[in-house]
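As a plain string of letters, each chain reads:
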Amino acid sequence: PRSCAMLQATVKLCCGIAHDNLRRLPGLKITAVLAIQKDVRGPVVRGSHHLPSKIPHCVQRLKGKETATCPEPAGDISPSRFSSVDFSYVTQGERALQRALSILQQHTSWQAETMLDAGATVSSAAVPGLGKLFRAEVVLAVPVARLHRELFERIEHMPQWNPTLSRVKVLQRVGTDTLVTHEVTAPSPGNLVGQRDFVSVRHCGRRDTAVYLVGTATHVEPLPSQEGCIRAESRLSCIVLQPLAGDPGRTHFTWLLSIDLKASATGWIPASVINRVLPQSQAEFIKHLRRHLSATTSP
């Protein structure tokens with residue numbers, strides 16, 4: 001206990017001394033510092049096979065000892081300096097990831113919602129702080145790397161194959177694994193909910209062989225124009241991409257989703273409507289994703 005306390009104090013002192021230098025570090029090293037701090041305190045979620053090893057995950061990546069990582073996106077990805085705001089986006093992403101891991105590892109009371117087809121289902125559970133959380137599951141006939149590319153690296157291209165979105169814009173890239181995005185849903189005649197937009201942090205993490213793509217609402221300055229939309233909030237979104245056992249060319253796709261759609265122009269949306277719309281939106285997304293994957297070939 002005494003040596004642990006001394007280690008904690010040393011890390012805090014080093015982080016304090018190096019604060020100005022940390023702001024200049026690449027995004028992966030910022031994430032590595034967060035990982036070191038978490039390992040000193042102890043794992044957030046105990047008793048799980050998804051816990052990081054004794055060498056923090058992000059430090060392994062910096063040392064080049066992890067063979068499968070979230071690949072670096074193409075093009076210019078970062079400013080040369082990282083502000084406290086940049087640091088906060090990484091922190092938000094890591095916190096969302098830890099929350100998703102906790103739910104995946106501890107929550108078992110899922111209730112069936114909708115059968116999409118013979119191989120895809122949607123279920124739900126009541127989660128403290130999130131309300132009703134929906135979980136969609138399906139097996140897709142493409143490898144994890146392909147899905148990571150489509151759902152994270154090429155996120156701005158999503159409206160080209162998903163007609164429920166009119167625009168996705170990356171407002172900021174922090175390092176290789178954290179994005180700030182603005183998404184706008186497409187107008188739809190007869191839509192009970194109406195057009196919404198979202199400002200979110202999106203973060204890529206890895207535990208063992210799985211890739212986690214998490215998202216949560218955030219604030220940016222200046223805020224993007226709402227253009228007549230109602231600004232909704234993603235409480236938590238987490239897509240888990242896990243290679244299928246014995247067949248790495250296929251992926252087990254799991255999607256946790258909790259959204260606050262906010263009030264419409266005519267008042268609050270009944271819970272019964274929200275509870276029907278969200279699983280339907282997951283089903284639609286998977287349908288369009290499958291169609292896109294089958295129509296295109298991996299470069």
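Residues numbered from 1 in each chain as written. Predicted model: local features only at pLDDT ≥ 70, side-chain atom pairs only at ≥ 80, totals over all residues. Heavy atoms only, no water.

### Considerations on the nonpolar core
In summary, soluble globular proteins display a tendency toward joint burial of nonpolar side chains. Ranked by internal contacts, the top residues of the largest apolar core, which has 39 residues, are Leu 140, Leu 151, Leu 213, Leu 241, Phe 253, Phe 285 and Leu 289. When residues in this core are grouped by element, the largest group, seven residues, is from helix α7 (residues 271-295). Contacts of Leu 151, omitting those with residues within four sequence positions, involve Met 158, Trp 161, Leu 213, Ile 239, Phe 253, Phe 285 and Leu 289. (Core = buried A, V, L, I, M, F, W, Y, C linked by side-chain atoms within 4.5 Å. Buried < 20%, exposed > 50% of the residue type's maximum accessible area, 1.4 Å probe, protein only. Helix = DSSP H or I, 4+ residues; strand = E, 2+ residues; numbered from the N terminus. Contact = heavy atoms within 4.5 Å.)

### Quick notes on the layout of surface pockets
Within this model, the largest pocket holds a volume of roughly 1100 Å³. Around the largest pocket, the lining comprises 41 residues; the ones closest to its centre are Thr 164, Leu 165, Thr 185, Phe 198 and Ser 281. Where the lining of the largest pocket is concerned, the elements lending two or more residues are α6 (144-153), β4 (165-174), β5 (178-185), β6 (196-207), β7 (210-217), β9 (233-244), β10 (247-260) and α7. The biggest single contributor to the lining of the largest pocket is α7, with seven residues. Residues that form the lining of the largest pocket fall into these classes: 22 nonpolar, 14 polar and five charged. (1 Å grid on protein atoms, 1.4 Å probe; cavity = no way out; pocket = protein on both sides within 12 Å on 5 of 7 lines; lining within 4 Å. Points joined across faces, edges and corners; volume = space filled by probe spheres on them. Nonpolar A, V, L, I, M, F, W, Y, C, P; charged D, E, K, R; others polar.)

### Quick notes on the side chain of Ser 123
The topology assignment puts Ser 123 in strand β2 (residues 120-127). Leaving out residues up to four positions away in the same chain, Ser 123 has contacts with Trp 110, Gln 111, Ala 112, Glu 113, Leu 133, Phe 134 and Arg 135.

### With respect to the confidence of the model for the protein chain
One rule of thumb: low pLDDT means the predicted coordinates there are not for detailed reading. In the predicted model, the protein chain carries a mean pLDDT of 77, and the fraction of residues at 70 or more is 68%. Within the protein chain, no element has a lower average pLDDT than helix α4 (residues 57-63), which sits at 36, and none a higher one than β7, at 98. Note that pLDDT drops below 50 for residues 9-69; the model gives that stretch 82 contacts with residues more than four away or on any other chain. (pLDDT = per-residue confidence, 0-100.)

### Examining helix α5 (residues 84-106)
Under the 1.5 Å per step criterion, the end-to-end length of α5 is 33 Å for 23 residues, consistent within 8% with the ideal 33 Å. For α5, the complete set of buried residues consists of Asp 86, Tyr 89, Val 90, Thr 91, Gly 93, Glu 94, Ala 96, Leu 97, Gln 98, Ala 100, Leu 101 and Ile 103. Where α5 begins, the capping side chain belongs to Ser 83, and its oxygen is found 3.2 Å from the backbone nitrogen of Val 85. (Expected span 1.5 Å × (residues − 1). Polar contact = N/O pair within 3.5 Å; in protein donor to acceptor, adjacent residues only side chain to side chain.)

### Quick notes on the pairing of β5
Counting buried residues along β5, eight of its eight residues qualify, which places the element largely inside the surrounding structure. Here β5 shows no split at all, with Thr 178, Val 180, His 182 and Val 184 on one side and Leu 179, Thr 181, Glu 183 and Thr 185 on the other all buried. Here β4 pairs with β5 via eight bridges, running antiparallel. When the sheet's bridge partners are listed, Arg 167 is paired in β5 with Val 184. Pairing between β5 and β6: seven bridges, direction antiparallel. Within β6, the residue paired with Val 180 across the bridge is Val 201. (Pairing = 2+ DSSP bridges.)

### Describing α7
Look at α7: 36 Å from first C-alpha to last across 25 residues, which is about the 36 Å you get at 1.5 Å a residue. Of all the positions in α7, only Val 273, Ile 274, Leu 278, Pro 279, Gln 282, Phe 285, Ile 286, His 288, Leu 289, His 292 and Leu 293 are classed as buried.

### Concerning the packing of aromatic side chains
To describe a pair of aromatic rings, you give the distance between the ring centres and the angle between the ring planes. Under the criterion given, the structure shown has two aromatic pairs. Taken together, the ring pairs in this structure connect Trp 161, Trp 255 and Phe 285 into an aromatic cluster. (Phe/Tyr/Trp six-rings, centres within 6.5 Å; stacked < 30°, edge-to-face > 60°.)

### Quick notes on the pattern of salt bridges
Per the counting criterion, the structure on display carries nine salt bridges. Note that Glu 113 and Lys 132 form a salt bridge whose closest N and O atoms lie 3.2 Å from each other. Here Glu 113 is found in strand β1 (residues 111-117), whereas its partner Lys 132 is found in strand β3 (residues 131-140), with 19 residues between them in sequence. Residue classification places Lys 132 among the partly exposed residues on the basis of a relative accessible area of 33%. A salt bridge links Glu 150 to Arg 146; the nearest nitrogen and oxygen atoms lie 3.4 Å apart. With Glu 150 and Arg 146 both in helix α6 and four residues apart, this pair spans about one turn of that helix. Given a relative accessible area of 5%, Arg 146 falls into the buried group. A single network of salt bridges, built from pairs that share partners, joins Arg 146, Glu 150 and Arg 154. (Salt bridge = Lys/Arg side-chain N within 4 Å of Asp/Glu carboxyl O.)

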